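Here is how the chains run, residue by residue.
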Amino acid sequence: MSEQRTIHIAGTWRSAVSGATREVLDPADAGVLAVVAEGGTADTDAAVSAARAAFDGGEWSRTPVAERAALLRRTADLLQRDRERIALVESRDAGKTLEEGRVDVDCVTDAFRYFADLVTGENAGRVVDAGSPDIHSVVVHEPVGVCALITPWNYPLLQASWKIAPALAAGNTFVLKPSEITPLSTVELIGLLAEAGLPAGVANLVTGAGDPVGARLSAHPDVDLVSFTGGLASGTKVMRAAADSVKKVALELGGKNPNVVFADACATDEGFDTAVDQALNAAFMHSGQVCSAGSRLIVEETVAERFVAELARRADRIRLGRGTDPGVECGPLVSAAQLARTQEYVASALAEGAVLRSGGCRPDGPGYFYRPTVLDGCHRGMRVVREEVFGPVLTVETFRTEDEAVALANDTEYGLAGAVWTADQGRARRVAGRLRHGTVWINDFHPYLPQAEWGGFGKSGIGRELGPAGLAEYRESKHVYHNLAPRPVRWFAG
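Every value quoted in this text rests on a predicted model; they were computed, and no experiment measured them. (Residues numbered from 1 in each chain as written. Predicted model: local features only at pLDDT ≥ 70, side-chain atom pairs only at ≥ 80, totals over all residues. Heavy atoms only, no water.)

**So, the overall build of the chain**
Regarding its fold elements, the chain presents 15 helices and 21 strands. The C-alpha radius of gyration computed for the chain amounts to 24 Å, which stays within 12% of the reference 23 Å derived for 494 residues, consistent with globular compactness. Looking at the chain as a whole, 56% of its 494 residues qualify as buried. If you take every contact in the chain between residues at least 6 apart in sequence, the share linking residues at least 24 apart comes to 73%. Carbon and sulfur atoms provide 52% of the accessible area of the chain, an area that totals close to 19800 Å². Looking at the chain, you have 50 positive and 63 negative side-chain charges, and the mean spots of the two groups are 3 Å apart. (Helix = DSSP H or I, 4+ residues; strand = E, 2+ residues; numbered from the N terminus. Rg over C-alpha atoms; globule rule 2.2 N^0.38 Å. Buried < 20%, exposed > 50% of the residue type's maximum accessible area, 1.4 Å probe, protein only. Contact = heavy atoms within 4.5 Å. Areas by Shrake-Rupley, 256 points an atom, 1.4 Å probe, with all protein chains shown as cover. Lys, Arg positive; Asp, Glu negative; His and termini not counted. Charge placed at Lys NZ, Arg CZ, Asp CG, Glu CD.)

**Quick look at unusual backbone geometry**
Even without being glycine, A30 reaches a positive phi, approximately 65°. On the secondary structure map, A30 appears in the loop between strand 4 (21-25) and strand 5 (32-37). Positive phi outside glycine occurs at N443, with the angle close to 55°. Looking at where N443 falls in the secondary structure, it is placed in the loop between strand 19 (439-442) and strand 20 (461-462).

**Regarding the nonpolar core**
Counting residues in each nonpolar core, the largest one holds 89 residues, and the members touching the most others are F112, F115, I164, L168, F174, L193 and F307. Broken down by element, the residue count for this core peaks at 11 residues, all from helix 4 (residues 98-120). Among all residues touching F307, those that are not within four sequence positions of it are V261, C266, F272, A275, V276, A279, L297 and V299. Among the nonpolar cores identified, the runner-up in size contains 24 residues, and A51, F228, A242 and L253 belong to it. (Core = buried A, V, L, I, M, F, W, Y, C linked by side-chain atoms within 4.5 Å.)

**Concerning the sheet that holds strand 19**
Strand order in the open sheet formed by seven strands is 15-16-17-14-13-18-19, with mixed pairing between adjacent strands. Each of the sheet's edge strands pairs with one partner strand only, and the pair in question is strand 15 (355-358) and strand 19. Put simply, the sheet's adjacent strands are angled 25° from each other on average, direction ignored. Bridge count for strand 13 (residues 258-261) against strand 18 (residues 417-421) is three bridges, and the pairing is parallel. When the bridges of strand 18 are listed, V261 appears paired with W421. Contacts from helix 10 (residues 301-316) reach strand 13, strand 14 (296-300), strand 15, strand 16 (373-376) and strand 17 (393-399) within the one sheet, and its direction differs from that of strand 14 by about 140°. Packing against the sheet, helix 13 (residues 402-410) makes contact with strand 13, strand 14 and strand 17, and its axis sits at approximately 150° to strand 17. (Pairing = 2+ DSSP bridges. Axes fitted to C-alpha atoms, helices over the stretch in contact; angles between N-to-C directions.)

**Some remarks on the pattern of salt bridges**
If you walk through the whole model with that rule in mind, you get 39 salt bridges. For R113, the salt bridge goes to D77, with nearest N and O atoms at 2.9 Å. Here R113 is found in helix 4, whereas its partner D77 is found in helix 2 (residues 65-81), with 36 residues between them in sequence. Residue R113 is classed as partly exposed on the basis of its relative accessible area of 33%. Notably, a salt bridge pairs R475 with E122, separated by 2.7 Å at the nearest N-O pair. Taken together, the positions of R475 in strand 21 (residues 475-483) and E122 in the loop between helix 4 and strand 6 (126-128) put the pair 353 residues apart, joining distant regions of the chain. Here R475 falls in the buried class, since its relative accessible area comes to 13%. By relative accessible area, E122 is classed as partly exposed at 34%. Counted as one network, the salt bridges with shared partners bring together R81, D82, R85, E188 and E195. (Salt bridge = Lys/Arg side-chain N within 4 Å of Asp/Glu carboxyl O.)

**Quick word on the packing of helix 9 (residues 269-284) against helix 10**
How two helices sit against one another is set out by the angle between their axes and by the gap between those axes. Taken N-terminus to C-terminus, the directions of helix 9 and helix 10 make an angle of 55°; their axes are 10 Å apart at the nearest point. The angle between the axes of helix 9 and helix 10 places the two elements in the oblique class. In terms of crossing hand, the pair formed by helix 9 and helix 10 is right-handed. Across from D269, F272, D273, A275, V276, D277, A279, L280 and F284 in helix 9, the residues of helix 10 making contact are R306, F307, E310, L311, R314 and A315. For the contact of helix 9 with helix 10, the per-class residue count stands at nine nonpolar, no polar and six charged. (Parallel < 35°, antiparallel > 145°, perpendicular 65-115°, else oblique. Left-handed = near helix turned anticlockwise from the far one by under 90°. Nonpolar A, V, L, I, M, F, W, Y, C, P; charged D, E, K, R; others polar.)

**A closer look at the state of the cysteines**
Enumeration according to the criterion identifies zero disulfides in this entry. Here C266 is not disulfide-linked; the sulfur of C378 is the nearest cysteine sulfur, at 19 Å. What makes C266 buried here is its relative accessible area of 5%. (Disulfide = S-S within 2.5 Å.)

**Some points on the environment of P363**
For P363, the location among the structural elements is in the loop between strand 15 and strand 16. Excluding anything up to four places from it in sequence, P363 contacts L320, F369, Y370 and R371.

**What about the packing of helix 5 (residues 156-170) against helix 6 (residues 184-196)?**
Axis separation between helix 5 and helix 6 bottoms out at 9 Å; the angle between their running directions is 30°. Between helix 5 and helix 6, the angle is such that the two are roughly parallel. Every pair of crossing elements has a handedness; the one defined by helix 5 and helix 6 is right-handed. Contact with helix 5, carried on its side by P156, L157, A160, I164 and L168, involves S185, T186, L189, I190 and L193 of helix 6 and no other residues of that element. Looking at the contact of helix 5 with helix 6 residue by residue, the class counts come to eight nonpolar, two polar and no charged.

**Considering the layout of surface pockets**
Empty space left among the atoms is revealed by rolling a probe the size of a water molecule over them. Computed from the structure, the largest pocket encloses a volume of approximately 1000 Å³. For the largest pocket, the lining is made up of 39 residues, of which W153, F228, G230, G231 and S234 are closest to its centre. Those elements that provide at least two residues to the lining of the largest pocket are helix 7 (210-219), strand 11 (225-229), helix 8 (232-243) and helix 11 (336-351). Looking at the lining of the second largest pocket, the elements with two or more residues in it are helix 4, helix 5 and helix 9. Here the element with the most residues in the lining of the second largest pocket is helix 4; it accounts for four residues. The residue makeup of the lining of the second largest pocket, split by class, is 11 nonpolar, five polar and two charged. (1 Å grid on protein atoms, 1.4 Å probe; cavity = no way out; pocket = protein on both sides within 12 Å on 5 of 7 lines; lining within 4 Å. Points joined across faces, edges and corners; volume = space filled by probe spheres on them.)

**Side note on helix 14 (residues 425-434)**
Those residues of helix 14 that fall on the buried side of the exposure criterion are R427, A428 and V431. The buried residues of helix 14 occupy an angular sector of 105° when the element is viewed end-on, so they sit on one face. Seen from the open side of helix 14, the exposed residues pointing more than 90 degrees away from its buried face are R429 and G433. Packed against the buried residues of helix 14 are helix 13, strand 18 and strand 19. Measuring from the backbone nitrogen of G426 back to the side-chain oxygen at the start of helix 14 gives 3.0 Å, which picks out D424 as the cap. (Arc of directions from axis to C-beta. Polar contact = N/O pair within 3.5 Å; in protein donor to acceptor, adjacent residues only side chain to side chain.)

Printed below as a string of structure tokens:
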């Protein structure tokens, strides 16, 4: 299989300076999907130089807002034109179902259109009352400059769009480093930006490993902001590397997300069925490889046995397979390393006393598949409850009181997302208000809106994506103070 030129610098597709390549594997059978360029420090420096020149030259940063928004909308239209093809690329590369791939393309389209609308709906700045008619004072927003965008392997297209759309809307240039495991849909997106008319050098792409590419971007003195989505360990390395140059940092580092189910949510057959169904979606969507996955089921003791028994029964019936095959509900894990990590967490949980209710094994055949797994009898002393597995593993804890439920849900170093299920509206509002998580769902799990901020408390990260705050991450605020009637101050007598 011949190499794809997947490094994009100053408007040109190229191979790595070193000539190095990497095989991208199909997680459904471990076969080779593509051979891509394996960039290094030299490629990264060239990409930053191109982004720096494009920003300092001003062609994009000084482009009128309406024209920047129009380019985002053209890109959204191109995404819909190529929806089936890009969804297929995302499905094959990341292992998700084809329908999930289609949903991702639609969500990316929504993000580009949202940020286009957001910037065109703004005013020219915030007027500040200086207390005198002779003073015109305004706070304006300007682009940060050169942005390093580092994205994860689980939602490569979606996570790229959450960074690219606001970065471009604000007038920045960027260098994007996708995960080396799943780079293919990101390559497609950069191609669409070029087709939409983005000037050369504004969008640059370097495919390659976190070290050296991500490490160099984080430390590079000509990078003004680094936005990283990924694991906690890598995020702390990014933050340390960025410190010497005191650049802006935005981090989204995952979560260990509680799904709290009160008995009254299960009082009717319909309520019970809905809560069980949503618990499956929360834990096993994309084989649990979701930063906001509801991997901790915290269920009221009086309904726990019935609830977990039905949950385990349905989990055993989930149909695994290649995401493009008809009837498949759940695909493989993304890599051999992720499969091994999941197996190790399940083994440690069982050794610590967890009770296996479903799954806990690989099916026969090729690929990185693992059965959806329900572990009962769990407690906060277990690694599988404390640490992010990023696999199809659901732990079960029980509670007796509302206070105990909240305490369990908040007993995590993360704080990305969580949910509460109850028929009591007062309880729903109380518990949602007490949960220390960046997104709280009431009687639902997983939906997000591009106009609402996304991010977490604690070790889930710093800053927000999406919403007005997601645009603000890519801007600097400037106060312009205009004295309309200057006169001597006479502070000094001479």
